Amino acid sequence: MAPKLLLTFVIYRLITTVGLTLDPTDLLRLGLDGHLSFDPSDLAAASVDFGMMTRAAPLAVLHPSSAEDVARLVGAAYRSAHGFSVSAKGHGHSINGQAQTSSGVVIEMSVSKGVRQWGLPRVSEKSMYVDAWGGELWIDVLTTTIQYGLAPKSWTDYLYLSVGGTLSNAGISGQAFNHGPQISNVYELDVVTGKGELLTCSEEQNSELFHAVLGGLGQFGIITRARIGLEAAPQRVRWIRVLYSHFSTFTKDQEYLISLHGQPSNQKFDYVEGFVIVNEGLINNWRSSFFSPRNPLKISSFGATGGVLYCLEIAKNYHDSSADTIDQDVEALLKKLDFIPSSVFTTDLPYVDFLDRVHKAELKLRSKGLWDVPHPWLNLFVPKSRIADFDEGVFKGILGNKTSGPILIYPMNKNKWDDRTSVVTPEEDVFYVVALLRSALDSGEEAQSLEYLANQNRQILRFCDDAGIKVKQYLPHYTTQQEWLDHFGHDNWTLFSKRKMAFDPRRILATGQRIFQPPTPPLSASSFMPSLYYYS
């Protein structure tokens, strides 16, 4: 079908479905260089995400070839009489339909059908940064920068996520205690606002938009370019896991290690994470490459209290030129920790392989048909002062020695987070990430069913509420007014709403987050604020 004929068909569909009243010739003049698709396979792909728990088919999918394409489409939505929503989709790793829409267009920001419409990330060796397209995957950013001996400072555990996607949330991994989340390592952004404006923003230029978009859940603009700080990339990593039977000792050591963030590089680890082992029997999970099935280890062999063990996961980066001192540096750090002496598991591997470790596990799960399943994940920020209560109530209580995926836990330094961004964290100097990354399996076992795991998530949140543990959801998913108010707090919500009115007054963007009502006819400034309703 000729491009203009296809676009005319798209316009007709939008007119009849959402009441778009722009003159069709105006849309034809938008000069989209990309592809606006009604292909059933494109619509189907955009209607699901990694969570596989919600489904919403868009009216069309745009495969842009430039930031201008994104701006033209959003501008058309902004100018339409009744409005239609626009959601940007990266690698589709959302859990609860955050990048979906059933009343508008999904912009497929990542490489589509093997076709790269934009250039590779551009590296400045002199200024130590990389410019990356918003839909670029972090693995491709790494592949480019490593050729220059450089790499971003802060990562996520899984690299097959888009730059714009993680920056719209925070982007966290074991480096965050030292460098902060990924949003703390951004120098500049190009953003398409909900008005269709393509703006460059930074600390110095359009700073309100810059801070709004970082961690802004896609509510204020679509990131089309990010300038990310780089550092000299190490060549190798010493990767270590040690076990604990007592939670208080485990958290004491984790908190000590993140307190070293200001020390010289040879006096601290570069990565600090951890996870909880609640299953009786084998100490294995899909993230582990340390425990061989041929040589199984059992929780009981380590004297676990309450059937639970805790694993501290740490890593030290180094160069080949310093290989002769790495053993000494690691040993000096380990001597200050109180883990079970017989539980040290160590491996040594190239830096890129360490960063890409989860992808290897993904390939194994895909080969067994265990990847494309529902993922009722629950990610929480828990205040340090209540983490022991969370352990007693959840790890030793609600979970009941049953899980179907890894449970991560590690602390972060709040002073590494910029409170001008849109992210909400607990009001304590140290808080913990607790990530229950479970998969629902059709195995016939009740404890692995989606219904069971979803109900367990609700039990965990109810326990925290009843116990007065003021957790904040990371990758938040709320559906009622009170939940969103509790999440943001009064002052943060007031600022969030003000920014929404400034940058997306028609409420066009990221309606799948279910924070604001979908697009409506044009509003005056005076009528906007009272109409900021939640879903209920």
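Residues numbered from 1 in each chain as written. Predicted model: local features only at pLDDT ≥ 70, side-chain atom pairs only at ≥ 80, totals over all residues. Heavy atoms only, no water.

## Section: the overall build of the protein chain
Helices and strands together make up the secondary structure of the protein chain, namely 17 helices and 18 strands. Per-residue burial for the protein chain yields a buried fraction of 57% across its 536 residues. Within the protein chain, contacts between residues separated by at least 24 positions form 74% of all contacts whose residues are at least 6 apart in sequence. Entry remark: accessible area of the protein chain is about 21,900 Å², with carbon and sulfur atoms responsible for 51%. (Helix = DSSP H or I, 4+ residues; strand = E, 2+ residues; numbered from the N terminus. Buried < 20%, exposed > 50% of the residue type's maximum accessible area, 1.4 Å probe, protein only. Contact = heavy atoms within 4.5 Å. Areas by Shrake-Rupley, 256 points an atom, 1.4 Å probe, with all protein chains shown as cover.)

## Describing unusual backbone geometry
Unlike most non-glycine residues, asparagine 206 shows phi in positive territory, near 50°. Along the chain, the position of asparagine 206 falls in the loop between strand S9 (198–202) and helix H8 (207–213). Its relative accessible area of 37% is what places asparagine 206 among the partly exposed residues. Residues other than glycine seldom take positive phi values, yet leucine 217 does so here, at roughly 60°.

## A closer look at the pattern of salt bridges
Applying the stated criterion across every chain, the model contains 24 salt bridges. The partner of aspartate 131 in a salt bridge is arginine 225, and the shortest N-O contact between them spans 3.0 Å. Pair noted here: aspartate 131 is in strand S6 (residues 129–133) and arginine 225 is in strand S10 (residues 221–232), with a separation of 94 residues, a long-range link. In this structure, lysine 252 engages aspartate 253 in a salt bridge whose closest nitrogen and oxygen atoms are separated by 3.0 Å. (Salt bridge = Lys/Arg side-chain N within 4 Å of Asp/Glu carboxyl O.)

## Overview of the side chain of serine 47
Relative to the elements of secondary structure, serine 47 occurs in the loop between helix H3 (40–46) and strand S2 (60–63). Using a relative accessible area of 3% as the deciding quantity, one classes serine 47 as buried. Among residues more than four places away in sequence, those in contact with serine 47 are Thr54, Arg55, Ala56, Ala57, Pro58 and Gln100.

## Considerations on the nonpolar core
Counting residues in each nonpolar core, the largest one holds 78 residues, and the members touching the most others are Trp138, Leu167, Ile172 and Leu189. For isoleucine 172, the contacting residues outside a window of four places in its chain are Trp155, Thr156, Asp157, Pro181, Phe381, Tyr410, Met412, Trp417, Val433 and Tyr474. Grouped together as the second largest cluster of nonpolar side chains are 42 residues, Phe247, Val276, Ile326 and Ile407 included. (Core = buried A, V, L, I, M, F, W, Y, C linked by side-chain atoms within 4.5 Å.)

## Quick word on helix H4 (residues 67–79)
With 13 residues, H4 should cover 18 Å at 1.5 Å per step; its first-to-last C-alpha distance of 18 Å lies within 8% of that length. If you check which residues of H4 are buried, you get Ala67, Asp69, Val70, Ala71, Leu73, Val74, Gly75, Ala76 and Ala77. (Expected span 1.5 Å × (residues − 1).)

## Points about a negative patch on the surface
Together, Asp465, Asp466, Glu483 and Asp486 give the surface a local cluster of negative charge. Counting only elements with at least two residues in the negative patch, the list comes to helix H14 (450–467) and helix H15 (481–488). (Patch = residues over 30% accessible without salt bridge, like charges linked within 9 Å, V, L, I, M, F, W, Y side chains within 5 Å. Lys, Arg positive; Asp, Glu negative; His and termini not counted. Charge placed at Lys NZ, Arg CZ, Asp CG, Glu CD.)

## A word on the sheet that holds S2
Overall, mixed pairing links the four strands, which are arranged S1-S2-S4-S3 in an open sheet. At either end of the open sheet lies a strand with only one pairing partner, and these are strand S1 (35–37) and strand S3 (85–89). Going from strand to strand, the sheet's axes swing by 25° on average, the running direction of each strand aside. With three bridges joining them, S2 and strand S4 (residues 104–108) adopt parallel strand pairing. Bridging across to S4, valine 61 finds its partner in valine 106. (Pairing = 2+ DSSP bridges. Axes fitted to C-alpha atoms, helices over the stretch in contact; angles between N-to-C directions.)

## With respect to the environment of glutamate 451
Residue position: glutamate 451 is located in helix H14. Between the alpha carbons of glutamate 451 and proline 376 there is a distance of 9.4 Å; along the sequence they are 75 residues apart.

## Section: the packing of aromatic side chains
On inspection of all chains with the given rule, the structure shows 25 aromatic pairs. Taken together, a centroid distance of 5.2 Å and an interplanar angle of 55° make the contact between phenylalanine 50 and tryptophan 371 tilted. Placement of the pair is phenylalanine 50 in the loop between H3 and S2 and tryptophan 371 in the loop between helix H12 (357–367) and strand S15 (378–383), with a sequence separation of 321 residues. Judged by its relative accessible area of 8%, phenylalanine 50 is buried. (Phe/Tyr/Trp six-rings, centres within 6.5 Å; stacked < 30°, edge-to-face > 60°.)

## Some words on the sheet that holds strand S12 (residues 271–277)
Spatially, eight strands are ordered S14-S11-S13-S12-S16-S17-S15-S18 in an open sheet, and the strand pairing comes out antiparallel. Pairing within the sheet leaves two strands with one partner each, and these edge strands are strand S14 (345–350) and strand S18 (472–473). The pairing of strand S11 (residues 236–244) with S14 spans six bridges and is classified as antiparallel. In the sheet register, arginine 236 faces S14, and the bridge partner there is proline 350. Together, S11, S12, strand S13 (309–318), strand S16 (407–413) and strand S17 (430–436) form the strand contacts of helix H9 (residues 247–258), whose direction differs from that of S16 by roughly 45°.

## Structural notes on helix H13 (residues 387–398)
Among all positions in H13, only Ile387, Phe390, Asp391, Gly393, Val394 and Phe395 are buried. One or two steps after H13, the chain reaches glycine 400, where phi turns positive at roughly 60°.

## Notes on the packing of H13 against H14
Viewed as axis vectors pointing N to C, H13 and H14 meet at an angle of 155°, and their least axial separation amounts to 11 Å. Taken together, the axes of H13 and H14 lie roughly antiparallel to each other. At the point where H13 passes H14, the crossing takes the right-handed sense. Here H13 contributes Asp389, Phe390, Gly393, Val394 and Ile398 to the contact with H14, which in turn contributes Gln456, Gln459, Ile460, Phe463 and Cys464. (Parallel < 35°, antiparallel > 145°, perpendicular 65-115°, else oblique. Left-handed = near helix turned anticlockwise from the far one by under 90°.)

## Side note on the pairing of S2
Residues Ala60 and Leu62 line one face of S2 and the alternating positions Val61 and His63 line the opposite face, and both faces are buried. When S1 meets S2, the two strands line up antiparallel, connected through three bridges. Bridged to leucine 36 within S2 is leucine 62.

## A few points about the environment of leucine 260
With respect to the helices and strands, leucine 260 occurs in the loop between H9 and S12. A residue is classified by how much of its surface remains accessible, and leucine 260, at 10% relative accessible area, is buried. Spatially, the C-alpha atom of leucine 260 lies 8.3 Å from that of asparagine 178, the residues being 82 residues apart in sequence. Dropping the residues within four chain positions of it, leucine 260 is found in contact with Gln267, Lys268 and Leu333.

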